[in-house]
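The chain contents come next:
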Amino acid sequence: MEKVVDQKVVDQVEREHWKRTLRTLAKDWRLYVLLIPMLAFLLLYKYLPIAGILQGFKWKEAGQFRDDQWSGLFYAQMLFTGSFAADFWRAFRNTFVNSMYGLLFGFPIPIFLALLFSEIKNDKYRSVLQVCCYLPHFVSAVVVTTLITLWCQRETASNSAGIINQMLSAMGMNSIKADVLAAPRFFRPIYQISGVWEGAGYGSIVYFAAVMAISPTNYEAARIDGASKMQQIRYVTLPGMAPTLTIMLIMRIGQILNVGYEKIILLVGDQLSSYETSEVISTFVYRCSGRSENNQITIANGAAQNLGVVADIFNSLIAMCLVLGANAISRRVSSTSLF
C-alpha cells in the first residue's frame, strides 16, 4: 500500500513539474529577462566560435576550407615539431615566464594593499586613497602604453630621453642607445611593473571585502590575549581570508597562459628584436591570423590561420588542466575549492 501511495505522489509531482516551473518564471520574469544579454553574449562569443576549432584539422587552399578533406594532426605536428616549432615554443616559454612573474609579484601586492586599507581608520582618507589606486585599471591600454613609450624613448635631435632611459644612464648603463623597449632584457620588468600598477588597486577590492567580513570580536579576543598587530594579521586576518585567497589563486592559475596581445603589440610594435622576450602565444596566434602589418608567419598555401587555431587549442587545454589540477589540490589540502 505504501508503494502505491508513493508512486501516486511521484506521478503527481512529475505532472506538476512544468506548472511549478512556469509559475516560477512568471513570478521572477524580470530577473530572467536580465539574463538574456548575458546568454546572448555567451552564445555569440563563447559557444559559436567553437566551430572554428575545425579549422585546425582541415586543409585550406586558396583561402577556402575543403570540407571533404581532413588534415588530421598535420598542423599540430608542424607547430610542435616542424618548421614553426622554434617560434611556438619560444612564445610558450615567454607566456609561462611572464605569467609566473605576474603571479609571483601581482598576486601578493593586492593582498598587501587590502591589509593596508583595512588599517586606515579615517573613512574619507581611505576612500580617496582607494579611488586613486583603482583609477589605473580604468585607463585605456593605449594611454598606458603611450606613457610607457614616452618614458622609455631614446634621446634624439627633436626629443629628449625618457625618464626611464635617463635613470638607466644615471646608473651607468650608457650602452642603451636605442629605445629601452627595443632591448629584450628590459621588456619583462617594464611589462610586469606596469601590470602591477594597473591591476593591484582594482584587484584589492575582493580581498578588502574579505577582510571587512571578519568579525571584530576575533580581533578583540586576540588583543586581550596580547597579540601584536602582526600576530593579529597572521592568526586572525589571513585565516579569515583563506577561502577567498584559495579561490582567487585557483582562478589566477587558470589564467597563467592567458596573456593578452593588445598591450604587448602596442608596446613592441614592429620591433622584431623584442620578440625574444615579448612574443607570447596570443601574439603568435595574432600574427598567424595575418592581421599584423609585419606578419612574419606565412605559409605557401595560406594556412597560417590553422597554426593559430592549433596553438590556441593547446593553450586552452593547458589552462584547463591547470585549473583542474589546482582545484583538486585545494580540495585535498583544504575544504575550499571551485567545484
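Going by the structure above, here's the rest.
Residues numbered from 1 in each chain as written. Predicted model: local features only at pLDDT ≥ 70, side-chain atom pairs only at ≥ 80, totals over all residues. Heavy atoms only, no water.

Help me understand the state of the cysteines, please; the structure alone is not making it clear to me.
In a disulfide, the sulfur atoms of two cysteines are held together by a covalent bond. Taken as a whole and judged by the stated rule, the model has zero disulfides. Not engaged in a disulfide, the cysteine Cys133 finds its nearest cysteine sulfur in Cys132; these two sulfurs lie 6.9 Å apart. (Disulfide = S-S within 2.5 Å.)

What's the story with helix H3 (residues 29-47) in this structure? I'm lost.
Counted at 1.5 Å a residue, the expected span for H3 with its 19 residues is 27 Å, and the 25 Å between its end C-alpha atoms agrees. At Ile36, H3 shows its strongest bend, of approximately 30°, with the proline Pro37 following within four residues. (Helix = DSSP H or I, 4+ residues; strand = E, 2+ residues; numbered from the N terminus. Expected span 1.5 Å × (residues − 1). Bend = angle between axes of the 7 residues up to and from the residue.)

Is there a simple way to think about a positive patch on the surface in this case?
On the surface, Arg15, Lys19, Arg20 and Arg23 cluster together to form a positively charged patch. It is helix H2 (residues 17-27) that provides the largest number of residues to the positive patch, a total of three residues. On the secondary structure map, Arg15 appears in helix H1 (residues 2-15). Looking at Arg15, the relative accessible area reads 55%, which means it is exposed. (Patch = residues over 30% accessible without salt bridge, like charges linked within 9 Å, V, L, I, M, F, W, Y side chains within 5 Å. Areas by Shrake-Rupley, 256 points an atom, 1.4 Å probe, with all protein chains shown as cover. Salt bridge = Lys/Arg side-chain N within 4 Å of Asp/Glu carboxyl O. Lys, Arg positive; Asp, Glu negative; His and termini not counted. Charge placed at Lys NZ, Arg CZ, Asp CG, Glu CD. Buried < 20%, exposed > 50% of the residue type's maximum accessible area, 1.4 Å probe, protein only.)

Before we go on, may I ask you to explain the packing of aromatic side chains in this structure?
Centre distance and the angle of the planes are the two values used to describe a pair of aromatic rings. Tallied over the full model, the rule gives 17 aromatic pairs. A network of ring pairs unites the aromatic residues Phe80, Phe88, Trp89, Phe92, Phe284 and Phe314 as a single cluster. Above the plane of the ring of Tyr191 lies Lys263, whose end atom (NZ or CZ) is 4.9 Å from the centre. (Phe/Tyr/Trp six-rings, centres within 6.5 Å; stacked < 30°, edge-to-face > 60°. Lys NZ or Arg CZ within 6 Å of the ring centre and 35° of its normal.)

How should the packing of helix H8 (residues 141-152) against helix H10 (residues 184-212) be read in this particular structure?
Packed helix pairs are specified by the crossing angle of their axes together with the interaxial distance, meaning the distance between the axes. Taken N-terminus to C-terminus, the directions of H8 and H10 make an angle of 135°; their axes are 12 Å apart at the nearest point. Taken together, the axis directions place H8 and H10 in an arrangement best described as oblique. Note that H8 runs across H10; the crossing there is right-handed. Between H8 and H10, the contacting residues are Val144, Ile148 and Cys152 on the first element and Ile190, Ser194, Trp197 and Glu198 on the second. For the contact of H8 with H10, the per-class residue count stands at five nonpolar, one polar and one charged. (Axes fitted to C-alpha atoms, helices over the stretch in contact; angles between N-to-C directions. Parallel < 35°, antiparallel > 145°, perpendicular 65-115°, else oblique. Left-handed = near helix turned anticlockwise from the far one by under 90°. Contact = heavy atoms within 4.5 Å. Nonpolar A, V, L, I, M, F, W, Y, C, P; charged D, E, K, R; others polar.)

Just checking my understanding: could you explain the pattern of salt bridges for this structure?
Two side chains with opposite charge may pair up if their charged atoms get near one another. Going through the model one piece at a time under the given rule, you end up with four salt bridges. Among the ionic pairs, Arg90 bridges to Asp87, the shortest N-O distance being 3.6 Å. Of the two residues, Arg90 and Asp87 both sit in helix H5 (residues 85-106), three residues apart, roughly one turn of that helix.

Can you help me understand the packing of helix H11 (residues 216-224) against helix H12 (residues 229-254) in this one?
With their axes 10 Å apart at the nearest point, H11 and H12 run at an angle of 145° to one another. For the pair H11 and H12, the crossing hand works out as right-handed. Every residue of H12 that contacts H11 at Asn218, Tyr219, Ala222 and Arg223 is listed here: Gln232, Val236 and Thr237. Looking at the contact of H11 with H12 residue by residue, the classes come out as three nonpolar, three polar and one charged.

Is there a simple way to think about the side chain of Thr277 in this case?
Along the chain, Thr277 falls in helix H14 (residues 275-278). Contacts of Thr277, omitting those with residues within four sequence positions, involve Asn94, Asn98, Pro184, Phe187 and Arg188.

Looking at this model, I keep getting lost on the side chain of Ser204. Mind explaining?
Residue placement: Ser204 occurs in helix H10. Setting aside chain neighbours within four positions, we find Ser204 in contact with Pro110, Leu113, Ala114, Phe117 and Tyr134.

Help me understand the nonpolar core, please; the structure alone is not making it clear to me.
Buried together is how nonpolar side chains tend to be arranged in soluble globular proteins. The biggest cluster of nonpolar side chains holds 42 residues, and the ones touching the most others in it are Leu79, Ile111, Tyr207, Met241, Phe284 and Leu307. Contributing elements (two or more residues each) for this core: helix H4 (74-80), H5, helix H6 (108-119), H10, H11, H12, helix H15 (281-288) and helix H16 (304-333). Of all the elements, H12 adds the most residues to this core, at six residues. Ignoring sequence-local partners within four residues, the contact set of Met241 consists of Ile111, Leu115, Tyr207, Ala210, Val211 and Ile214. Core analysis: the second largest hydrophobic core is formed by 16 residues, Ile148, Leu181, Ile190 and Val280 among them. (Core = buried A, V, L, I, M, F, W, Y, C linked by side-chain atoms within 4.5 Å.)

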